[in-house]
Number of protein chains: 2
Amino acid sequence: MRFTTERRLDDGVLEREFTLGDVPGYLWTPASASPSAPVPLILLGHPPLGLSRMYPRLVARARHAAAEGFAGATIELPGSGDRPSWPALDQARADLRRTMAAGEPVDDEIVDALVLPLVDRAVPEWRAALDALLSLPEVGGPVGYSGGVISVGVRLAVVEPRIVAAGLFAGSLVPRVIFEEARRVTIPLHVLLQWDDEGNDRQSALDLFDAFGSAEKTLHANMGGHTGVPEFAGEGVARFFARHLR
Amino acid sequence: MRFTTERRLDDGVLEREFTLGDVPGYLWTPASASPSAPVPLILLGHPPLGLSRMYPRLVARARHAAAEGFAGATIELPGSGDRPSWPALDQARADLRRTMAAGEPVDDEIVDALVLPLVDRAVPEWRAALDALLSLPEVGGPVGYSGGVISVGVRLAVVEPRIVAAGLFAGSLVPRVIFEEARRVTIPLHVLLQWDDEGNDRQSALDLFDAFGSAEKTLHANMGGHTGVPEFAGEGVARFFARHLR
């Protein structure tokens, strides 16, 4: 892990860009973080739109995490942003767009081609980032995962024992294999669902919530479309992590 | 409204029992409430099990409300507690129990007989209580309604313009006429759903949530049975009222 930039935000949060191999990322740590007082960590997931486009929302989430005393970190997804393009993924996206534009049903084959390769590549990268982040003296545990592509969150929750709680954003383009993995998730979950999400099928999202094996799982459904999550719902996510990471 | 008892709880909350006609009730006001600083009010709904049996849970909710600076008040439901028995309601309950014990489907007729007379009698009583409570100089507005029989909450939300926000507990024994009234509810709603509630059908509860006409409505679903609402879910209700009654 190599830090490439470092700056102090106005609220005292230290923002550092890093690269881990060829994967760029960000680490935000609260002013309080130090080797003698290492802080818990939230991995900040995001959709595959590129870190620079997602930066405003990510830094806002990181500032909220820092206000609770937590570090936040994120990495670029494969095929996104400045990382090498990934023709198979681009093709899968084009297939999805064409299918939806034609009003045809999105079948398993399209969903699998779109999501599974991304999960298979992204999850080991997140785990490698976690190794590197936890080796920093000012970053401790426990670790939470928040947001982003829900299938990535599900896989991480199953395979990465250092993640003790996850806040997920309900999505319906979930491969069957991920749906089955959801039954094996046992950590506390906080799931946000936008009730009228134009890009997601509500029933699929409810079925996935039902499938999770966790004894503590909470669904917060709110009105509005995909990007209309109300501010108070974000506060609910913050309180979930405060309960589980402190 | 005639106060019959008065005592100060250890946290400074003033607890008063009252009767309004032949309907007994409780009013809890925070120490801060005074004619020069009247407080908002939360009407504390409850299931028809009798006020004395419900008292521990009601006073706990009232203390939480008082800690936020709100008064809490409740009245006995018709046919419950020390109020005259109501043979038709007792008959409807016996019919429901027998049907459920036999594993037979609970049809509309049973639900209507069980719920509609209760709603028709209880709602005017809650409104009369509201008249009396708001005439007290130390109780102002705005007014919220919380919990209890969801059909009572729906009817109140439709007919009582002084109620500006409602926290409801999802139930499935909802008559069709109440389901239709739900579409006319426009105030902000916060609905709690116990995902594995043995007494409620989950899909019916989700359908009712979907039917509400409110632009701001939030569903908080948690694991566990009817009485297993986690403590953090109660805190979510408190924050909902804090947003809307302050």
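In this text, all values refer to a predicted model and were calculated from it rather than measured experimentally.

1. Structural notes on the overall build of chain A
- Along the backbone of chain A there are seven helices and nine strands.
- On C-alpha atoms alone, chain A measures out to a radius of gyration of 17 Å, which is about the 18 Å that the 2.2 N^0.38 rule sets for 246 residues.
- In terms of its C-alpha atoms, chain A occupies a principal-axis envelope of roughly 55 × 40 × 30 Å.
- Across the 246 residues of chain A, 42% fall into the buried class.

2. Re the confidence of the model for chain A
- Per-chain confidence: chain A averages 95 in pLDDT, with 100% of residues scoring 70 or above.
- Of the two predicted TM-score estimates for the complex, the pTM is 0.90 and the ipTM is 0.86.

3. Side note on the packing of helix 2 (residues 87-101) of chain A against helix 3 (residues 108-134) of chain A
All names here are of chain A.
- It is at 9 Å that the axes of helix 2 and helix 3 come closest, and there the two elements cross at 145°. As for how helix 2 packs across helix 3, the hand of that crossing is left-handed. Here Ala 88, Leu 89, Ala 92, Arg 93, Asp 95, Leu 96 and Thr 99 of helix 2 come into contact with helix 3, specifically with Ile 110, Ala 113, Leu 114, Pro 117 and Leu 118.
- A breakdown of the residues in the contact of helix 2 with helix 3 according to their chemical character gives nine nonpolar, one polar and two charged.

4. Points about the interface of chain B and chain A
- With 12 residues of chain B in contact, the opposing surface of chain A contributes 12 residues.
- Broken down by secondary-structure element, the contributors of at least two residues to the side of chain B that touches chain A are strand 9 (217-222) and helix 7 (231-245) of chain B.
- Element by element, the count of residues in the side of chain B that touches chain A is highest for strand 9 of chain B, at six residues.
- Here the side of chain B that touches chain A is composed, by residue class, of five nonpolar, four polar and three charged.
- Note that strand 9 (residues 217-222) of chain A and strand 9 of chain B share five bridges and pair antiparallel. Note on strand 9 of chain B: the bridge partner recorded for Thr 218 of chain A is Asn 222 of chain B.

5. Let's talk about the environment of Gly 147 of chain A
Residue and element names in this part refer to chain A.
- As for its position among the elements, Gly 147 is in strand 6 (residues 139-147).
- For the pair Gly 147 and Leu 192, spaced 45 residues apart in sequence, the C-alpha separation works out to 9.0 Å.
- If we ignore the near neighbours within four places in the chain, the residues touching Gly 147 are Leu 44, Gly 45, His 46, Gly 167 and Phe 169.

6. A short note on the relation of the copies chain B and chain A
- Of the transformation superimposing chain B on chain A, the axial component is 0.0 Å and the angular component is 180°, with the fit at an RMSD of 0.0 Å. Overall, the copies show the geometry of a two-fold rotation axis. Identified as the residue of chain B closest to the rotation axis by C-alpha distance is His 220 of chain B, at 2.4 Å.
- The share of interface residues of chain B whose copies in chain A are also at the interface is 100%, consistent with both copies meeting through the same surface.

7. Regarding helix 2 of chain A
- The end-to-end C-alpha distance of helix 2 of chain A is 21 Å, a good match for the 21 Å that 15 residues give at a rise of 1.5 Å each.
- Gly 103 of chain A lies just past helix 2 of chain A and shows a positive phi near 70°.

8. Here's the deal with helix 1 (residues 51-67) of chain A
Residue and element names in this part refer to chain A.
- The largest bend in helix 1 is about 40°, located at Arg 57.
- Within helix 1, burial applies to Leu 51, Met 54, Leu 58, Arg 61, Ala 62, Ala 65 and Ala 66.
- Looking at the buried positions of helix 1, the neighbouring elements they touch are strand 3 (23-29), strand 4 (39-45) and strand 5 (71-75).
- At the C-terminal side of helix 1, Gly 69 shows a positive phi close to 90°.

9. Description of the environment of Ile 75 of chain A
All names here are of chain A.
- Along the chain, the position of Ile 75 falls in strand 5.
- Put simply, Ile 75 and Glu 180 are 105 residues apart on the chain and 26 Å apart in space, counted from C-alpha to C-alpha.
- If we ignore the near neighbours within four places in the chain, the residues touching Ile 75 are Leu 20, Val 23, Gly 25, Glu 125, Trp 126 and Ala 129.

10. Considering the pairing of strand 5 of chain A
Residue and element names in this part refer to chain A.
- Most of strand 5 sits inside the fold, with five of its five residues counted as buried.
- Burial along strand 5 is two-sided: the face carrying Ala 71, Ala 73 and Ile 75 and the face carrying Gly 72 and Thr 74 are both buried.
- For strand 3 and strand 5, the ladder comprises four bridges, and the chain directions are antiparallel. Each bridged residue has a counterpart across the sheet, and for Gly 25 the counterpart in strand 5 is Ile 75.
- Where strand 4 meets strand 5, three bridges bridge the pair, whose relative direction is parallel. Considered in strand 5, the bridge of Leu 43 is made with Ala 73.
- Tracing the backbone out of strand 4, into helix 1 and back to the parallel element strand 5 gives a crossover that is right-handed.

11. Regarding the pairing of strand 7 (residues 163-169) of chain B
All names here are of chain B.
- In terms of residue burial, strand 7 counts as a mostly covered element, since six of its seven residues are buried.
- Relative to strand 7, strand 6 (residues 139-147) runs parallel, the two being bridged by four bridges. Directly across from Gly 144, in strand 7, lies its bridge partner Ala 165.
- Relative to strand 8 (residues 189-194), strand 7 runs parallel, the two sharing four bridges. Pairing of Leu 168 across the sheet is with Val 191, part of strand 8.
- A crossover connection joins strand 7 to the parallel strand 8 through helix 5 (residues 176-182); in handedness this β-α-β unit is right-handed.

12. Section: the environment of Gly 141 of chain B
Residue and element names in this part refer to chain B.
- As for its placement among the helices and strands, Gly 141 is situated in strand 6.
- Looking at Gly 141, the number of C-beta atoms within 10 Å reads 15, which means it is partly exposed.
- Between the C-alpha atoms of Gly 141 and Leu 41, which are 100 residues apart in sequence, the distance is 6.0 Å.
- Those residues in contact with Gly 141 that lie beyond four places of it in its chain are Pro 40, Leu 41, Leu 134 and Arg 162.

Quick notes on the rules
Residues numbered from 1 in each chain as written. Chains lettered and ligands numbered in written order. Predicted model: local features only at pLDDT ≥ 70, side-chain atom pairs only at ≥ 80, totals over all residues. Helix = DSSP H or I, 4+ residues; strand = E, 2+ residues; numbered from the N terminus. Rg over C-alpha atoms; globule rule 2.2 N^0.38 Å. Buried ≥ 20, exposed ≤ 12 C-beta atoms within 10 Å, placed from the backbone. pLDDT = per-residue confidence, 0-100. Axes fitted to C-alpha atoms, helices over the stretch in contact; angles between N-to-C directions. Left-handed = near helix turned anticlockwise from the far one by under 90°. Contact = placed C-beta atoms within 7 Å. Nonpolar A, V, L, I, M, F, W, Y, C, P; charged D, E, K, R; others polar. Pairing = 2+ DSSP bridges. Least-squares fit on C-alpha atoms with pLDDT ≥ 70 in both. Expected span 1.5 Å × (residues − 1). Bend = angle between axes of the 7 residues up to and from the residue. Right-handed = clockwise from strand over helix to strand, strands pointing away.

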